[in-house]
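Here's the letter readout for the chains.
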Amino acid sequence: MTKKVHIPVQLIIEHGAIRNLNQTQVYDWLKDRHVLLVSGSGKTRLVTEEVEAAIQGRAARAEVLCCKDNSLDTINELERHVLEDPPDIIIGVGGGKALDVSKVVGTRSNVPVILFPTAISSDAICSPVAVIKMMSKSTSIGVKMPQAVVIDLDVLSSCPPRLMSAGIGDLLSNKTALFDWRLAHREGEEEMNTFANLMANNAVESFMNILNQPELNRSRLMKVSAEALIMSGIAMSIAGSSRPCSGSEHLISHALDYHCGAKALHGEQVAIGVLLTQHLQGKQERVERLAPYYEKLGLPTHYEDLGYTREEMHRAVRKAPSMRDRYTILNQFDMTDEEIDRLLDEVYPNEAKNRYRLTVG
Ligand SMILES: [Zn+2]
């Protein structure tokens, strides 16, 4: 049995990608088209202006709409605009929310989407999943894959290091997510797609191998992070769900969002979740091996560094299994309050505190 998989036709990750857009196939597609640019707010507007200038004279018409958030109201408003005056192509420019909104509006109105991420803070830069806000809570929904992704490394290099660290946190979760997926498969809870499994695993493995290269500089780190996150997104597209890249560590992050005030970035919370999940998966030695990488990559090793209290982290672990119907390692533990406390002490010792802020920069 074979399966049709949607992947982007073009992936461009290079310095000067916007400036040199006219040398790409993406530019060819825009000829005489009506293009809608969906821009994030803040500094992103400047990048949107660069993209707008780059396609001027090529597209028949380019209009820019600013998306202030990823709420259902914002999405509905944009969708109304798209239905009244349908564009041929939607270009999403932004760090996260504008990309998610573009994907949702493009899917709903059946307009192809090209993404220009201005940060790589999660695997949403190229995935069949978008996060939207409904009734003030974040929810993931399935969307069509983008037709192309254009990442200008010059744009990424001016974004805060914290964002890239968060993206790497999201990437590292592939390991624990794949463990959970295999576990769910063994327990008869879920089908396994071996190709998606392989691809998500290779994405994180190849990234970890490159981390050990002595000549690794920031520019190369950005490029390999972006590539690995895109590979993760394609693995999700192959699987038909976020399963290859989202397991119990994501459930903990969702619980921190839903029950504890969503105080940090998705990838930072996932990175904290990875440590706890690795421990439950019987890999405490891997938690210890990850610590120096976390420091090198500017990732938090203690929940307090993200502003969460002990009580909140305890609540997140308790609530995590109920965040969605997904079988993970958490289903194999029915922990008492004392056991959760002991687990938190083991995974997040006091020495793990206060490293995070020192290493970001
Ligand atoms: Zn994620």
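Residues numbered from 1 in each chain as written. Predicted model: local features only at pLDDT ≥ 70, side-chain atom pairs only at ≥ 80, totals over all residues.

- An unreviewed UniProt entry lists the protein under the name Glycerol-1-phosphate dehydrogenase, with Paludifilum halophilum as the source organism.

1. Details of the domain arrangement of the protein
Next up, step 1: Taken domain by domain, the protein comprises domain 1 (10-157) and domain 2 (161-359).
Next up, step 2: For domain 1 and domain 2, the distance between their C-alpha centres works out to 27 Å.
Next up, step 3: With 22 residues of domain 1 at the contact, the number on the domain 2 side is 25 residues.
Next up, step 4: Put simply, the parts of the chain that give the side of domain 1 that touches domain 2 at least two residues each are β1 (10-14), β7 (137-142), β8 (148-152) and α5 (153-157).
Next up, step 5: When grouped by side-chain class, the residues that make up the side of domain 1 that touches domain 2 number 13 nonpolar, 7 polar and 2 charged. (Domains from an automatic or database assignment. Contact = placed C-beta atoms within 7 Å. Helix = DSSP H or I, 4+ residues; strand = E, 2+ residues; numbered from the N terminus. Nonpolar A, V, L, I, M, F, W, Y, C, P; charged D, E, K, R; others polar.)

2. Regarding the pairing of strand β2 (residues 34-39)
Next up, step 1: With respect to burial, β2 is a largely interior element, 5 of its 6 residues being buried.
Next up, step 2: In this sheet, strand β3 (residues 61-66) lies alongside β2 in parallel orientation, the contact comprising 6 bridges. Paired with Leu36 across the strands is Glu63, a residue of β3.
Next up, step 3: The β-α-β motif built from β2, the intervening helix α2 (residues 44-55) and the parallel element β3 has right-handed crossover chirality.
Next up, step 4: Direction of pairing for β2 relative to strand β4 (residues 89-94): parallel, over a ladder of 5 bridges. Across the sheet, residue Leu37 finds its bridge partner in β4, namely Ile91. (Buried ≥ 20, exposed ≤ 12 C-beta atoms within 10 Å, placed from the backbone. Pairing = 2+ DSSP bridges. Right-handed = clockwise from strand over helix to strand, strands pointing away.)

3. Notes on the UniProt feature "binding site: glycerol" (unreviewed entry) in the protein
Next up, step 1: Those residues carrying the UniProt feature "binding site: glycerol" (unreviewed entry) are Asp123, Asp170, His250 and His266 in this numbering. Taken together, the annotated residues stretch across 144 residues yet fold into one region, lying no more than 12.4 Å apart by C-alpha.
Next up, step 2: Looking at the secondary structure, you find Asp123 in the loop between β5 (113-117) and β6 (129-134).
Next up, step 3: Setting aside chain neighbours within four positions, we find Asp123 in contact with Asp170, Leu171, Leu229, Ser232, Gly233 and Cys245.
Next up, step 4: Tracing the backbone shows Asp170 in helix α6 (residues 161-186).
Next up, step 5: On the basis of neighbour counts, which here come to 31 C-beta atoms within 10 Å, the residue Asp170 falls in the buried class.
Next up, step 6: Aside from chain neighbours lying at most four places away, what touches Asp170 is Ser122, Asp123, His266, Gly267 and Val270. (UniProt positions renumbered as here; feature names shortened; annotations may be inferred.)

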